[in-house]
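What the coordinates show
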Amino acid sequence: MATAELAAERESAYLSQLTMAAARYANRTEQRERNQSVLETRGVLYADTPERVERRLARLGADWSLARAIELTPTEPAATAGSTLQLPPESFTSDVLGLERLIGRNNLTPVAFLEAGVAVSRSVGRVTISGPGGGHGTGFMVSPSLLLTNNHVLRGAPEASRSKVAFAFQDCADGSPLVPAVFPLEPHRFFVTDRALDFSVVAVAPRGVRGEALSSFGWLAVTATQGKLVIGEFVNIIQHPRGEPKQIALRDNQVVDVLERFLHYESDTREGSSGSPVFNDQWEVVALHHSAVPKTDAEGRPLSVDGTVWRPEMGEQQVAWRANEGVRISRVLEALRKVPLTGEAARLRDEAFTAGLTASPVTAAASLPAGSQPAAPAAAASASSAVPLTTALAGTDGAVAGSRERARTADGTVQLTLPLRITVGFDASSSSPATFLAALPAAAAPAPAASAPTAAPPPLSSFPSFPPSPAGPPDIASSVDRSAETALLSHRLTQERPYYDGPADAAAREAYYEDVHTGDGDALRRALTQLLTDTHTPRPRYDPTKLVYPWVDLHKDRKLRSIYSGRTFTAEELIRADAAVAKARLARVRELLLQESTAGPAEFAAEFDALEKSMPFNCEHVVPQSWFAHREPMRGDLHHLFACEVGCNSFRGNYPYFDFPDFMEAVRDDCGMREDVGFEPEQGKGAAARATLYFLLRYPREVGDAAREFPKERLPVLLRWHESEAVTEYERHRNAAIAQLQGNRNPLIDHPEWAREIDFSGVWP
């Protein structure tokens, strides 16, 4: 019999689950109260860790820039039945609506949300245990063959062998009951249980008692991918409370805490809901509901509704509930993956992971427009044999979880991250690049990247793109388009915003440096380094299209100017130009993978570095990326990122700044002057110097340890440039905008007088 049981230190009967859930809830009281306070005062973007929030935004196809743009748009009241953004109707994509709901600005939900909910509900059934200890619970399909429920619902294979699951046990639209499809459970084929995490996975018979096909009820794609939920979001639970017909707790369940293995949320789930799937607003499974958090007495014993100590013979309906607890689905999958299995059991277990890479036939149909037909099974199948090109951008709001999970890589893959957070993944152990490419649609020849954006850029639709896949994830070219449109939307939301609020910024500046004291140059440097590091949160990854061009680097006329040449561009020009570059890079990536079939990760990384140099974005790192090995958070630190046309970006290269004695008389490029000793820009010296000094303070000992990096003896160059060009309103605007996005500030902009007082000697290796 293919059965595996994970050992636990103590019996996990339902009373034990209640007691342990109550203890976990009590131990997190202080953290939970802090979370709730932050939710009330600042909102959902700030209660969870910055890393988790950033992953959540990325999964929604958004970022901190767009989120902050929406946050800063005035509205009264704070939350309304509809959007308060001053945008044309066509701009209200599912991304915008989903982000508004996440932030708490819009109470409305697209109709597609309900359609997708109906589709995923088909895979949820009522589990009935016959014989001694019988009862009811909820379970849901996680692959074509396997059902997931709680350990306290199915404690062992003998119990499972006398159990059944009924799908479509519910009322139809007119209120009359449907005829449920009942399927026996088959633990002799597969049964795995974990008492500590309170889950059981069991095989289901392929045919029902009346001959129904199990495949007609599909499955829910479950993955360990991060970014599906943050504290403060509302979740949805589909369930069979007390064995009753299928019901739903819809968007009235707020996550109040995230533990290492569990979620705590406030909801109206009742006894009998054990084993229910917990969904986010995109109908992705985020948890397995397993226990209520009961009220307890001074000894930690669960209480009944009449205030007495609860006993199992009273029935679950007599427990006095306080909150609810679910097991994080990522932890369930991690435990399942570690179970030692062989033969058919191992194959069925692996099917649960590969099934998460594609939508089930039932749920995939929910992502199509009305009247459309899902792709033929052959087109959507075989996710286990082909690994698709992936993107960090999420699908449309309300789309089924499985329809996006083909855009996630599983354990055992190699990830190569390009700008725009586009990730190429392939199985390093079993898949060759040729196999990887078999899953990719062919791309047209890329358009050449221009050295500077054109005055009238072509629409994104004119660039080469991959053919759409109606039932699968967004293709790569359309994801680039989508990223660009998100950036343009963010830019449009800034048009009515004050360019620079001097009094507010002065107050923020004073509060920021409140505990910094002058008088000792070395102590001042160390204090500033600590402050810049501690307050650098969140730490957005490099994405100039979304983070630099829409707002941060704008001048007062709402235009962008090259840091070195002073050439003027609109935000839309640079956003669309960089989108074209991104597509050209992707076409070259495909060629590279096809040609270098035997290359390893190191060789590919080197090729991608060369590709980035040959096809640069219109963004300059004043501290060249090669000086810090292209690592984050340095790479994405907005304080040293500036708009800069490709020509000047390439012209400067990674030459250190230098003060040429004959600069004014020499024949120079529009970007400045470059010789073997270094580079002097035509414009922007003061801003570049202050950005570089910030970098030295924020990342001490990161530069100057190799030839061609900025040597210690050239510090006077930066100080002269800093003093010769005063801080401008443009820089103050940048500083305030960056503080809103990544938390820290540039001390050389806020306090120019500190430049000569700070002892910079400690910043070099």
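In this text the structure is predicted, and so the values were computed from the model without any measurement. (Residues numbered from 1 in each chain as written. Predicted model: local features only at pLDDT ≥ 70, side-chain atom pairs only at ≥ 80, totals over all residues. Heavy atoms only, no water.)

**Topic: the overall build of the chain**
- When helices and strands are counted, the chain shows 25 helices and 23 strands.
- Partitioning the intrachain contacts of the chain with sequence separation of at least 6 by distance along the chain shows that 72% fall at a separation of at least 24.
- Looking at the chain as shown, the accessible area adds up to about 30,200 Å², and 53% of this sits on carbon and sulfur atoms. (Helix = DSSP H or I, 4+ residues; strand = E, 2+ residues; numbered from the N terminus. Contact = heavy atoms within 4.5 Å. Areas by Shrake-Rupley, 256 points an atom, 1.4 Å probe, with all protein chains shown as cover.)

**As for the pairing of strand E8 (residues 199-203)**
- Across the 5 residues of E8, 5 count as buried, placing the element largely inside the fold.
- Neither face of E8 is open: one carries Phe199, Val201 and Ala203, the other Ser200 and Val202, and all of them are buried.
- Here 4 bridges tie strand E4 (residues 146-149) to E8, and the two strands are oriented antiparallel to one another. Bridge pairing links Leu147 to Val202 in E8.
- From the end of strand E7 (residues 191-194) to the start of E8, which pair antiparallel, there are 4 residues, and Asp198 there has a positive phi angle of about 55°. (Buried < 20%, exposed > 50% of the residue type's maximum accessible area, 1.4 Å probe, protein only. Pairing = 2+ DSSP bridges.)

**Some points on the pairing of strand E10 (residues 247-258)**
- The sheet contact formed by strand E9 (residues 234-239) and E10 spans 5 bridges and is antiparallel. Bridging across to E10, Val235 finds its partner in Asn253.
- Where E10 meets strand E11 (residues 262-266), 4 bridges bridge the pair, whose relative direction is antiparallel. Across the sheet, Asp257 pairs through a bridge with His264, a residue of E11.

**Topic: the state of the cysteines**
- A full pass over the atoms with the stated rule returns 1 disulfide.
- Across a sulfur-sulfur distance of 1.9 Å, Cys648 and Cys671 are joined as a disulfide pair. Classification of the bridge connecting Cys648 and Cys671 rests on its S-S torsion, roughly -85°, and on that basis the disulfide is left-handed. Taken together, the positions of Cys648 in helix H21 (residues 646-652) and Cys671 in the loop between H21 and strand E22 (672-675) put the pair 23 residues apart, joining distant regions of the chain. Neither Cys648 nor Cys671 differs from the other in exposure class; each is buried.
- Here Cys644 is not disulfide-linked; the sulfur of Cys648 is the nearest cysteine sulfur, at 5.0 Å. (Disulfide = S-S within 2.5 Å.)

**Here's the deal with a nonpolar patch on the surface**
- Taken together, the side chains of Leu114, Ile248 and Leu250 present a nonpolar region at the surface, about 260 Å² in accessible area.
- Within the secondary structure layout, Leu114 lies in helix H7 (residues 111-121). (Patch = residues over 30% accessible without salt bridge, like charges linked within 9 Å, V, L, I, M, F, W, Y side chains within 5 Å. Salt bridge = Lys/Arg side-chain N within 4 Å of Asp/Glu carboxyl O.)

**Some details on the environment of Tyr25**
- Its place among the elements puts Tyr25 in helix H1 (residues 14-27).
- Look at Tyr25 and you get buried, because its relative accessible area is 9%.
- For the pair Tyr25 and Pro294, spaced 269 residues apart in the sequence, the C-alpha separation amounts to 9.4 Å.
- What Tyr25 contacts, discounting residues up to four positions off in sequence, is Arg32, His264, Val293, Arg322 and Ala323.

**Describing the sheet that holds E10**
- One closed barrel holds the 6 strands; their spatial order is E9-E10-E11-E14-E13-E12, and the pairing between them is antiparallel. Taking the axes of each pair of neighbouring strands and ignoring which way they run, one obtains an average angle of 45° across the sheet.
- Note that strand E13 (residues 285-294) and strand E14 (residues 321-328) share 7 bridges and pair antiparallel. Bridging from a neighbouring strand, His289 pairs with Gly326 of E14.
- Packing of helix H9 (residues 329-338) onto the sheet brings it into contact with E13 and E14, and relative to E14 it is tilted by some 45°. (Axes fitted to C-alpha atoms, helices over the stretch in contact; angles between N-to-C directions.)

**Section: the environment of Val192**
- Checked against the element boundaries, Val192 lands in strand E7.
- Residue classification places Val192 among the buried residues on the basis of a relative accessible area of 1%.

**Quick word on the confidence of the model for the chain**
- In the predicted model, the chain carries a mean pLDDT of 80, and 77% of its residues have values of at least 70.
- Note on residues 5-12: pLDDT under 50 across the span, and 19 contacts to partners over four residues away in sequence or across chains.
- Note that pLDDT drops below 50 for residues 366-474; the model gives that stretch 231 contacts with residues more than four away or on any other chain. (pLDDT = per-residue confidence, 0-100.)

**Some words on unusual backbone geometry**
- Note the cis peptide between Thr537 and Pro538, where omega equals 0°.
- Within the element layout of this structure, Pro538 appears in the loop between helix H17 (521-534) and helix H18 (544-547).
- Here the amide bond leading from Glu632 into Pro633 is cis, since omega sits at 5°, within 30 degrees of zero.
- Of note, the phi angle at Asp198 is positive, near 55°, even though the residue is not glycine.
- With respect to the element layout, Asp198 can be found in the loop between E7 and E8.

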